[in-house]
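Spelled out, the chains give:
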Amino acid sequence: MKMFSVAHKTVFVVDHCPYMAESSRQQVECDVLTKSRAQGVIPLAPVSKSLWTCAVECSMEYCRILYDVYPLHKLINYIVSDSEFHILNSWRQEDQSTHELMSALAAVGPPNPREDPECCSILHGLVAAVESLSKITELQHERRTSLMDTAERVANRGRIICLTNAKSDTHVRMLEDCIQETILEQNKLAAGSDRLMAIQQCDLILVHIHPQGEDTLVSDRPKKEISPLLTSEIHCVRAGRHLSTKLNILVQQNFDLASTTITNIPMKEEQHANTSANYDVELLHHRDAHLEFFKSGDLHMAGTSTRENGLKETITLKWCTPRTNSIELHYCTGAYRISPTDVNSRPSSCLTNFLLNGNLSSHDPSGKLPVERAKAQLERHTRYWPMIISQTTIFNMQAVVPLANLIVKETLSEEDVLTCQKTVYNLVDMERKNDPLPISTVGSRGKGPKRDEQYRIMWNELETLVKTHAGATDRHQRVLDCIIACRSKPPEEEERKKRGRKREDREDRTEKNGSKDTDDKSWQESERLKGLVDKEEQESEVIKDSPDSPEPLNKKPRLCTEEVQPPERAKGPVSLLTMWSNRITVANSRKHQEFVGRVSSVNNKFELYQQLKDENGMDVHENGKASR
Amino acid sequence: MPTVVLMDVSLSMTRPVSLDGSDEFQRKNLAVHGLNMLFEHMASNYRLEFTSLMAFSSLWELLVPFTRDYNALQEALGNLEDYDKTCVEAALNGVSNVVQQEWGSACPCQVVLVTDGSLGIGKGSLRHSLQTQKHRGDDKKFPLPFPFPTKLFIMSVANAEELQMTDAMDNLEELLRLSGGDGQIFTMEGPLCMKSVQAMFGRLIDHAYSPFHAVLHCGNLSSDVQVFPRPEPIVMDEEVEPMPRSVNIDLEIVGFIEIADISSPPVISRHLVLPINVNKEVDEVGTGTTDELEEEPSASQMAGKSPNFCVLLHGSLKVEGMVALVQLGPEWYGMLYSQADSKKKSNLMMSLFEPGPEPLPWLGKITHLGPISEAAENPYGEDDSKSPFPLQPSAKRSYAQNVTVWIKASGLQTDVQKILRNARKLPDKTQTFYKELNRLRKAALAFGFWELLKGVADLLERECTLLPDSAHPDAAFQLSHAAQQLKLASTGDSQYAAFDHNIAPMHTDFSS
């Protein structure tokens, strides 16, 4: 169905003239006396609905089904006509509900049988219906605005369903002519208005309602073209059951619906709670739901049956109680909204209640769209994301989890920063205790890297992770600062050479001489960090070129004062107190005068720990081990 | 989508092509050359699709049943023999049988008809078939349209001018129209030679057999993929949006959701998502030799060594029982998930939802879905015991709101009896009594059914007189109060007949 087919706008015009107050002559016994109470009680006389009541309840049923199956964009405008017209709602989405309409109908009340019939006519309502069809709907307006140059693609078509008691075929022709005239006039008006649209097609469905047992002077007529703009069809129906069947058929035809009957639904008996009987429930839905049956030619298997009136077909399906714990993904080609034909029958409500059980409400987002925030979160989470388990250390360590979970957040609280710092201190402690790390030995000769090497790899990886987020907020930066301040440092190349150690030359870790480990690392990082190059060029360059980089640029200015010797550089066991006081010292150091190191630097470089070379000839790392 | 190649092997296909050079070609040679090119292309880009080869003249023969073995197809092309005259109708009947036997009538199928535009003479000719097709009984119906969705590609080893000299072009166009109109007629441009037949099959390949390559993104992770079969552009509303929508070549994952929450959603198509090595397929056409096939594994072995995001994604979705929501274009989404095709093997697949901002009503607008971490409290509960889905619609459907319908007499009787039942249990059932009474009152007012209000008022008054001596004194007060209120409403007096007004229980000394 096209978005702006005739089904987009439906105007109900219901006759409210005095003769509609006449009885439909269909009686309803509503006083059902039980045998035990029947003695001596005079039962209430049966009530009978007026033509008006029949018309209103059947039109409401039409609306109910329509709104169930199409909650949006299929709109109804309800008009009542007597000595004037009464428009009960507008095209606006918020006015589209049976509750709104029933409230308005209650205000109108039944027709006044004493009103002068000469003053009353359905024509008032039909003219108002045409005017209403030319009014632009929210959807038409929205689409016209969004299509801009091609706004003319938004069509204006509609349908008028008129429930009335016509006098004769001539009277019907007069009504049709009048509608035709009004369309032409209204289209002229529309040409000069933003809020009106010319009517391109109008389908009139005139339902002539007459009481039971009364002959009709109006004849049925199938759809006929009155003009290129107007088609008309006439249905003559007795009030009551016949009218409701007719409108049920119409809503199916008008909105491409079809019927499915679910058979053999087991339900507990009201009287006997332990027994259950099988019931059938008929549902209406878009007819596409039957498409696959027709395509596969399996319709005979599903079973069709023609109803009493010979006009309506339903496909029967057998109920199958679903397995509630199944969470598989099944192939599904269509899901369709339904409306039970007999909404308040017990089987229908049992079925719908079963299907409706348990759900929550929705919320309206404010600010940035949630999906955009979701994408941003994915971006943050994937800045550093090793895909191979054996190529990551930190993501194999339980101890890193708190920090890894927090650092990817958009913002950090003070508490979060503290948790991250605790994580770092914990790692420092692990290193002091020489705890083993889950570093893969796959692909490396022998037992893999030594313990201190392992920690260096771990610290580098952690630093890499945190660096990708350090630019986000000051608190993220503080986590990075903490790592830089606390992590173990690789021995300087100078020292090692001096000592003549035969250790693998880590300083020369770039492309040509890289170990396997390093190769994989740089692969990971260059992959992972592509997106960050622009933003944090300086830093990411360090990371890319040398994943084992021991000396991030931004740490130097912070730590190298001669007066305050960072205790952790001693690489011995470091107590929490020492770390804490160091942290405070660092924090304080930011507030005072320029550092000696920076002041006396050459080319912005200043050799740190010079005094160590003199005082302590031992390898700091070895020292650390020996002390255990 | 499987393909049937239907090759004309009538005598007219052996007509020589006039060339200046020394080699003399037949039209058949040109057709075979073109088909070889198609098969080679499919071998490298459409390895998973099944293709079959049929030859026809006045009879038809299935030379190669549906297969993925493109060597077998090419081999069969090399052994074609020449037969008598062209009879398209019989051959199409053959196609219909072969396809339905293998795929049933639901699977869409592509038919490539290769012919020289000489469509037979007399009885059995296409002209004759088309002229008579309207005047036949059900047993001898023309085979088109096929019962399965069809794309018909007619490859004519003749140029358009030649076809237009006779009624051949008209007949072929009619054939295409009868098949459902989905397809195209390709003709040769310029002189009939190897080059122009290549160009013609090249156009077919571009039109119907070009692979769909895309980049799958998830934050900073990404992978080059082939989406197979190719997602076809779709038209949503030919009036408002006549331009077909196509799937973006950048597919962006926007988040992940539990399988239970997305709960088997309706999809318009399903596709395999295969990681590809971008460098590998520089030149796809004309390289499908045996050597190439042998090298293939080493290339994929290479690919197996480098970590691929698709592998990670597939494994994760499988383990977590989740699907990834992926954006396919503006207001168009799909899902990526792991689909098991046997106990041991599963594939990464992508299904496309109906285009639109809210393809699955139970999830609401896709743009309104966000990270769990941003919710004030975990919508799944701390112990994962609840779910935010399905979303409740903003307006309740009729079946979820206890509507009043009196179309059937039984509906009205039930509602009246419900009131009377509660009336007899006053004052215990005071709340339910008034609730049901007000429901009836509202409906009667809306339907203009004042007579019913009077009737029910009478019933309540009668109940009042029938109260046993043992009845609570409050019962009588409530009954006559309710009856009086209904009578007032039935006058239509705006003070008492307002729709939103509810009859409240009478405050008595007994009811505290």
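Quantities reported herein were computed from a predicted structural model and do not represent experimental measurements. Each chain has its residues counted from 1, running along the sequence as written. Chains carry letters from A onward and ligands carry numbers from 1 onward, assigned in written order. Side-chain atom pairs in this predicted model are given and counted only at pLDDT of 80 or more, local residue features only at pLDDT of at least 70, and totals for whole chains, interfaces and linings cover all residues. Heavy atoms from the whole structure form the basis of all side-chain values; hydrogens and water molecules are not counted.

Turning next to the overall build of chain A. By definition, any uninterrupted DSSP run of H or I lasting at least four residues is a helix, any uninterrupted run of E lasting at least two residues is a strand, and each is numbered from the N terminus. Counting its secondary structure elements, chain A contains 22 helices and 14 strands. Across the 628 residues of chain A, 47% fall into the buried class. Any two residues having at least one pair of non-hydrogen atoms within 4.5 Å are treated as being in contact. In chain A, once contacts between residues fewer than 6 apart in sequence are set aside, the share between residues at least 24 apart is 73%. Note on areas: these come from Shrake-Rupley sampling with a 1.4 Å probe, and a residue is covered only by the protein chains present in the view. For chain A, the accessible surface area stands at approximately 31,800 Å², while carbon and sulfur atoms represent 51% of it. For the exposure calls, accessible area comes from a 1.4 Å probe over protein chains only, and a residue counts as buried if that area is under 20% of its type's maximum, exposed if over 50%, partly exposed in between.

On to unusual backbone geometry. With the exception of glycine, most residues fall at negative phi, and the peptide bonds are largely trans. Looking along the chain, the bond that leaves B:L144 and enters B:P145 is cis, with omega of -5 degrees. Relative to the assigned elements, B:P145 resides in the loop between α4 (126–132) and β7 (150–159). B:L426 connects to B:P427 through a cis peptide bond whose omega is 0 degrees. Considering the arrangement of structural elements, one finds B:P427 in the loop between α11 (409–423) and α12 (430–446). Backbone geometry at A:N434 places phi at a positive 65 degrees, although glycine is not the residue there. In this fold, A:N434 is placed in the loop between α12 (414–432) and α13 (451–470). The phi dihedral of B:N402 falls on the positive side, at around 55 degrees, and the residue is not glycine. Of note, B:N402 is situated in the loop between β15 (346–352) and α11.

With that settled, the discussion passes to the pairing of strand β12 (residues 269–275) of chain B. Residues and elements named next belong to chain B. Strands are labelled as partners when DSSP assigns at least two bridges between them. Sheet topology note: the strand β10 (residues 221–228)/β12 ladder contains four bridges and is antiparallel. Its bridge partner lying in β12, V225 is registered against P275. Across four bridges, the pairing between β12 and β15 is antiparallel. Bridge pairing in β15 places H271 opposite M350.

All right, on to the pairing of strand β8 (residues 221–225) of chain A then. Residue and element names in this part refer to chain A. Little of β8 is tucked away: zero of the five residues are buried. With three bridges connecting them, β8 and strand β9 (residues 230–238) associate as antiparallel partners. Note on β9: the bridge partner recorded for K224 is S232. Between the end of β8 and the start of β9, which pair antiparallel, lie four residues.

Counting residues at the interface gives 86 residues for chain A and 80 residues for chain B. Between chain A and chain B, a total of about 7,200 Å² is buried, with carbon and sulfur atoms accounting for 61% of that surface. When a carboxyl oxygen of Asp or Glu is within 4 Å of a side-chain nitrogen of Lys or Arg, the pair counts as a salt bridge. Where chain A meets chain B, there are five salt bridges. Across the pair B:E252 and A:K375 runs a salt bridge, and its minimum N-O distance is 3.7 Å. A 3.5 Å cut-off defines polar contacts: any pair of N or O atoms within that distance qualifies, except that in protein one atom must be a possible hydrogen donor and the other a possible acceptor, and neighbouring residues in sequence count only when both atoms are side-chain atoms. Linking chain A with chain B are 22 residue pairs in polar contact (both at pLDDT 80 or more), by the criterion used here. The leading source of residues in the side of chain A that touches chain B is helix α1 (residues 51–69) of chain A, at ten residues. Defined in terms of a 1.4 Å probe, buried area is the accessible area two parts forfeit on being brought together, summed over both.

Spatial ordering of the closed barrel is given by β9-β10-β12-β15-β14-β13-β11 (chain B), a layout of seven strands whose pairing is mixed. Each neighbouring strand pair of the sheet contributes to a mean axis angle of 40 degrees, computed without reference to strand direction. Between N-to-C directions, angles span 0 to 180 degrees; the directions come from axes that are lines fitted to C-alpha atoms, helices contributing only their stretch in contact. Each of β9 (212–218), β11 (250–258) and β13 (322–329) of chain B touches helix α10 (residues 370–381) of chain A; the most contacted strand, β11(B), lies at about 100 degrees to it.

Turning our eyes to something else, we now look at the packing of aromatic side chains. Classification of ring pairs uses Phe, Tyr and Trp, with its six-membered ring standing for Trp, and accepts pairs whose centres are within 6.5 Å; under 30 degrees between planes counts as stacked, over 60 as edge-to-face, and the remaining range as tilted. If you walk through the whole model with that rule in mind, you get 16 aromatic pairs over all chains. Both rings, one in B:Y46 and one in B:Y209, keep their centres 5.9 Å apart while their planes meet at 75 degrees; by these two values the pair is edge-to-face. Separated by 163 residues along the polypeptide, B:Y46 in the loop between α1 (27–45) and β4 (51–56) and B:Y209 in the loop between α7 (194–208) and β9 bring together distant segments of the chain. Note on B:Y209: relative accessible area 1%, which makes it buried. Centroid distance B:F66 to B:W103: 5.6 Å. Interplanar angle 85 degrees. Geometry classified as edge-to-face. Remark: B:W103 occurs in helix α3 (residues 88–103) and B:F66 occurs in strand β5 (residues 60–67); sequence separation between them is 37 residues. According to the relative accessible area criterion, B:W103 is partly exposed, its value standing at 28%. One aromatic cluster in this structure is built from A:F12, A:Y62, A:Y70, A:Y78 and A:F255. In our convention, an over-ring charge means Lys NZ or Arg CZ found within 6 Å of a ring centre and within 35 degrees of that ring's normal. The ring of A:Y331 has B:R270 sitting right over it, with the charged end atom 3.3 Å from the ring centre. The ring of B:F499 has B:K442 sitting right over it, with the charged end atom 5.4 Å from the ring centre.

Compared with an ideal rise of 1.5 Å per residue, which puts 19 residues at 27 Å, α1(A) spans 27 Å between its outermost C-alpha atoms and is within 8% of the ideal. Most of α1(A) is tucked away: 19 of the 19 residues are buried. To estimate how far a helix should extend, the number of its residues minus one is multiplied by 1.5 Å.

Going through the model one piece at a time under the given rule, you end up with 41 salt bridges over all chains. Taking the shortest distance from any N to any O, the salt bridge between A:E372 and A:K375 comes out at 3.5 Å. In this pair, A:E372 and A:K375 both sit in helix α10, three residues apart, roughly one turn of the helix. The partly exposed category is assigned to A:E372, whose relative accessible area is 32%. Close ionic contact of B:D82 with B:K28 constitutes a salt bridge, the shortest N to O distance being 2.8 Å. Of this pair, B:D82 sits in the loop between α2 (70–78) and α3 while B:K28 is found in helix α1, placing the two residues 54 residues apart along the sequence. Relative accessible area serves as the criterion here: at 37%, B:D82 is assigned to the partly exposed category. Taken together, the salt bridges that share partners define one network made up of B:R15, B:R27, B:D116 and B:E162.

Bringing the environment of B:G321 into the picture now. Positionally, B:G321 belongs in the loop between α10 (309–320) and β13. The contacts of B:G321, once residues within four sequence positions are left out, are B:E258 and B:I259.

Another aspect to go through is the nonpolar core. Residues A:Y78, B:F433, B:L452 and B:L460 are the most contacted members of the largest nonpolar core, which totals 77 residues. The dominant element in this core, judged by the number of residues it contributes, is α1(A), at 13 residues. Beyond its immediate chain neighbours, meaning those up to four positions away, A:Y78 contacts A:F12, A:V14, A:V56, A:S59, A:M60, A:H86, A:I87, A:L88, A:N89, A:L101 and A:L105. Remark: nonpolar core denotes a set of buried residues (Ala, Val, Leu, Ile, Met, Phe, Trp, Tyr, Cys) joined through side-chain atoms within 4.5 Å. Core analysis: the second largest hydrophobic core is formed by 62 residues, B:L73, B:M155, B:M188 and B:L391 among them.

Turning our eyes to something else, we now look at the packing of α12(B) against helix α14 (residues 473–489) of chain B. Residue and element names in this part refer to chain B. Viewed as axis vectors pointing N to C, α12 and α14 meet at an angle of 10 degrees, and their least axial separation amounts to 11 Å. By the angle class used here, α12 and α14 are roughly parallel. Within the contact between the two elements, α12 uses F433, Y434, L437, R441 and L445 and α14 uses Q478, L479, H481, A482, L486 and A489. Residues are sorted three ways: Asp, Glu, Lys and Arg are charged, Ala, Val, Leu, Ile, Met, Phe, Trp, Tyr, Cys and Pro are nonpolar, and all the rest, Gly among them, are polar. Here the residues of the contact of α12 with α14 sort into eight nonpolar, two polar and one charged. Geometric relationships in this document are graded by angle, where less than 35 degrees denotes roughly parallel, more than 145 denotes roughly antiparallel, 65 to 115 denotes roughly perpendicular, and other angles denote oblique.

This paragraph deals with the sheet that holds β5(B). Residue and element names in this part refer to chain B. Read across the sheet, six strands follow the order β5-β4-β1-β6-β7-β8 without closing on themselves; strand pairing throughout is mixed. Two strands close off the open sheet at either side, each with one partner strand: β5 and β8 (183–188). The average angle at which neighbouring strand axes cross in this sheet is 15 degrees, direction not considered. Pairing analysis gives six bridges linking strand β1 (residues 3–8) to β4, with the strands arranged parallel. Its bridge partner lying in β4, D8 is registered against F56. Where helix α6 (residues 168–178) meets the sheet, its contacts fall on β6 (109–115), β7 and β8, and the angle it forms with β8 comes to roughly 155 degrees. The strands touched by α7 within the sheet are β6, β7 and β8, with β8 carrying the most contacts at an inclination of about 165 degrees.

Take a negative patch on the surface next. Among the surface-exposed residues, B:E377, B:E382, B:D383 and B:D384 lie close enough to one another that they form a single negatively charged patch. Position of B:D383 relative to the elements: it lies in the loop between β15 and α11. Only residues whose relative accessible area exceeds 30% and that take part in no salt bridge are eligible for patches, with like-charged residues grouped when within 9 Å of each other and nonpolar side chains (Val, Leu, Ile, Met, Phe, Trp, Tyr) grouped when within 5 Å. Counting rule for charge: Lys and Arg are taken as positive, Asp and Glu as negative, and neither His nor the chain ends is counted. Charge positions come from single atoms, namely NZ of Lys, CZ of Arg, CG of Asp or CD of Glu.

Residues and elements named next belong to chain B. With respect to the secondary-structure elements, P330 resides in the loop between β13 and β14 (332–340). Using a relative accessible area of 67% as the deciding quantity, one classes P330 as exposed. With 51 residues separating them in the primary sequence, P330 and G381 have C-alpha atoms 33 Å apart.

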